[in-house]
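Coordinates in review
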Amino acid sequence: MDSARTIGPDLVALRRELHRIPEIGNDLPLTQQAVLRALDGLDLEVTTGNGLSSVVALLRGGAAGPDSPVVLLRGDMDGLPVTEEVSVDYASEHPGVMHACGHDLHVAALVGAARLLHERRAELAGDVVLMFQPGEEGPGGAQPMIAEGLLDAAGRPVDAAYALHVASSEYRFGQWFARPGPIFAAADEVRVRVLGKGGHGSSPHRAKDPIPVACEIVLALQAMVTRGFDVFDPVVVTVGRIAGGTKENIIPDTAELDATVRSLSAASRAKVQADIERLATGIAAAHGLEVTVDHRLGYPVTVNDEREYARAVGAVTDLFGSDRFTLMPEPELGSEDMSFVLDRVPGAYLLVSACPDADFDAAPDNHSPRAAFDDAVLPDAAAWLAEVAIRRLAGR
Ligand SMILES: [Zn+2]
Ligand SMILES: [Zn+2]
């Protein structure tokens, strides 16, 4: 913590530099340059992505052998298409783009962890892979980084992975929170197109009207969720868009529904996809119509491994005190690109409040144009990342 406090001003300066220049998606050239500058001078093996602006920095432990563990620490780097309404002197200089999810703090914290681990690298009995990823808010940077060799960056497979996320509300500043098992949902999309046969509104018997069939499918999806799924392994199906037709007296050829589908286990995720397809197909068939069902899969369920979660929480309570951690009563139905890493490697994902407002419950949430994050949290965030890596490498 002393070391972390010492580098705190540098981390705050880096965070504010990044906050001015938010970029979106998988192409973050300015952010990537800032990360490379911040890591310059450290004894790291740095590689950059081919198909995206990622940075992978490998820290070799001085006490590592051929069988020593490899730990991955991740920070996401991308901003959001939001027009900033926070008045700070380091506000976004990119119109319509804002670090509204606090990923600028994640980058600074990970750079801080790199520096803290670097100071202690002679003692480390293993290697640390630092994952600076673009595209968390979409289209996804973790999968392409994995495809480019992220998890073998050390020449040995990664054994454990950790990440944190800052929150702009909900908990008081400096409070950490998480839960074992599923912490974020899988978030998928589905589009159902009902294929009918258009005609004159006065003569529906001479057409195949897709509109009432689409309506029936919307209602049946609600019954499907309540009757077909365990309430303790919940799914959410929300039809957020329904479209079809142009005028009251024309029966259209087609109607379509778009839904977001959230789930908290791989089993219910697979089941909800299959059930939507069966139900839409069956209802359309009952009326002599057909459907097409297109699933667009998003991020999978984010799962905290029980042992790694315990290690990660232990690092929080030992560093900051047991009152600084809250067990989340239930998962959140948002989703996280880190899930692709945690699908392959046991690990833990914790949240920490950076809410600058004493009235944290009323403060604007992440993604709001008014979301504000207090970068005084950075020394703690960097220290936690470094500490959990040190513990894992030491087998503690
Ligand atoms: Zn976000
Ligand atoms: Zn985020």
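Note that the structure is a prediction, hence the values are computed from the model and not measured.

**Focus on the side chain of Arg 324**
Secondary-structure assignment places Arg 324 in the loop between helix 7 (306-320) and strand 15 (325-327). The class for Arg 324 is buried, based on a relative accessible area of 18%. Separated by 2.6 Å, the side chain of Arg 324 and the backbone oxygen of Gly 174 make a polar contact. In contact with Arg 324, other than residues within four places in its own chain, are Gly 174, Gln 175, Trp 176, Val 316 and Asp 380.

**A word on the coordination of the zinc ion (ligand 1)**
Tetrahedral metal sites with four donors have an ideal angle of 109.5 degrees; octahedral sites with six donors have ideal angles of 90 or 180 degrees. On the protein side, the zinc ion (ligand 1) has Cys 101 (SG), Glu 137 (OE) and His 367 (NE2) as donor atoms, found 2.0 to 2.3 Å from it. Each donor residue of the zinc ion (ligand 1) lies on one chain, and together they are spaced C-x35-E-x229-H. Overall, the relative accessible area of 7% leaves Cys 101 in the buried class.

**Topic: the packing of helix 3 (residues 103-119) against helix 9 (residues 378-394)**
Packing of helix 3 against helix 9 brings their axes to within 8 Å, and their N-to-C directions diverge by 50°. The angle between the axes of helix 3 and helix 9 places the two elements in the oblique class. Seen from above, helix 3 lies across helix 9 with right-handed handedness. For the pair helix 3 and helix 9, the contacting residues are Leu 105, Ala 108, Ala 109, Leu 110, Gly 112, Ala 113, Leu 116 and Leu 117 in the first and Leu 378, Ala 381, Ala 382, Ala 383, Leu 385, Ala 386, Ala 389 and Ile 390 in the second. For the contact of helix 3 with helix 9, a count of residues per class yields 15 nonpolar, one polar and no charged.

**With respect to the coordination of the zinc ion (ligand 2)**
The coordination sphere of the zinc ion (ligand 2), as far as protein atoms go, consists of Cys 101 (SG), His 103 (NE2) and His 165 (NE2), spread over 2.1 to 2.4 Å. We note that the donor set of the zinc ion (ligand 2) lies within a single chain, spaced as C-x1-H-x61-H. In this structure the zinc ion (ligand 1) is found 3.0 Å away from the zinc ion (ligand 2), and Cys 101 serves as a bridging donor for the pair. Residue His 103 is found in helix 3, and its partner His 165 is found in strand 5 (residues 160-167); the two are separated by 62 residues along the sequence. Among the residues examined, His 103 registers a relative accessible area of 0% and is labelled buried.

**Thoughts on the nonpolar core**
Generally speaking, nonpolar side chains in soluble globular proteins are found buried as a group. Residues Leu 73, Phe 132, Leu 150 and Trp 384 are the most contacted members of the largest nonpolar core, which totals 92 residues. Ranked by residue count, the leading element in this core is helix 9, at 11 residues. Among the nonpolar cores identified, the runner-up in size contains 27 residues, and Val 190, Val 194, Ala 214 and Val 261 belong to it.

**With respect to the environment of Ser 353**
Along the chain, the position of Ser 353 falls in strand 16 (residues 347-353). Taking the relative accessible area as the measure of exposure, Ser 353 reaches 0% and is therefore buried. Counting along the chain gives 281 residues from Ser 353 to Leu 72, while the straight-line C-alpha distance between them is 22 Å. Once residues within four sequence positions are removed from consideration, Ser 353 is found in contact with Ala 167, Ser 169, Tyr 171, Arg 172, Phe 173, Gly 174, Gln 175, Phe 177 and Val 377. Among the polar contacts listed, one links the side chain of Ser 353 to the backbone nitrogen of Cys 355, at a separation of 3.1 Å.

**A short note on the sheet that holds strand 4 (residues 127-133)**
Here we have eight strands laid out as an open sheet, ordered 1-2-4-3-5-16-6-15, and mixed in their pairing. Both outer strands of the open sheet, strand 1 (45-48) and strand 15, are each paired with one neighbouring strand and no more. Direction aside, neighbouring strands of the sheet carry axes that sit 20° apart on average. The sheet contact formed by strand 6 (residues 176-178) and strand 15 spans three bridges and is parallel. When the bridges of strand 15 are listed, Phe 177 appears paired with Thr 326. Sheet strands in contact with helix 9 are strand 3 (70-76), strand 4, strand 5, strand 6 and strand 16, and its direction is about 165° off that of strand 5.

**Examining helix 7**
Its 15 residues place the ends of helix 7 21 Å apart at the C-alpha level, agreeing with the 21 Å of an ideal helix rising 1.5 Å per residue. Where helix 7 is concerned, the buried positions are Glu 308, Tyr 309, Arg 311, Ala 312, Val 313, Gly 314, Ala 315, Val 316 and Phe 320. On its buried side, helix 7 packs onto strand 5, strand 6, strand 14 (302-304), strand 15, strand 16 and helix 9. Of the residues flanking the end of helix 7, it is Gly 321, one or two places downstream, whose phi is positive at about 105°.

What counts and what doesn't
- Residues numbered from 1 in each chain as written.
- Chains lettered and ligands numbered in written order.
- Predicted model: local features only at pLDDT ≥ 70, side-chain atom pairs only at ≥ 80, totals over all residues.
- Heavy atoms only, no water.
- Helix = DSSP H or I, 4+ residues; strand = E, 2+ residues; numbered from the N terminus.
- Buried < 20%, exposed > 50% of the residue type's maximum accessible area, 1.4 Å probe, protein only.
- Polar contact = N/O pair within 3.5 Å; in protein donor to acceptor, adjacent residues only side chain to side chain.
- Contact = heavy atoms within 4.5 Å.
- Donors = N, O, S within 2.8 Å, 3.2 Å for Na, K, Ca; no water.
- Axes fitted to C-alpha atoms, helices over the stretch in contact; angles between N-to-C directions.
- Parallel < 35°, antiparallel > 145°, perpendicular 65-115°, else oblique.
- Left-handed = near helix turned anticlockwise from the far one by under 90°.
- Nonpolar A, V, L, I, M, F, W, Y, C, P; charged D, E, K, R; others polar.
- Core = buried A, V, L, I, M, F, W, Y, C linked by side-chain atoms within 4.5 Å.
- Pairing = 2+ DSSP bridges.
- Expected span 1.5 Å × (residues − 1).

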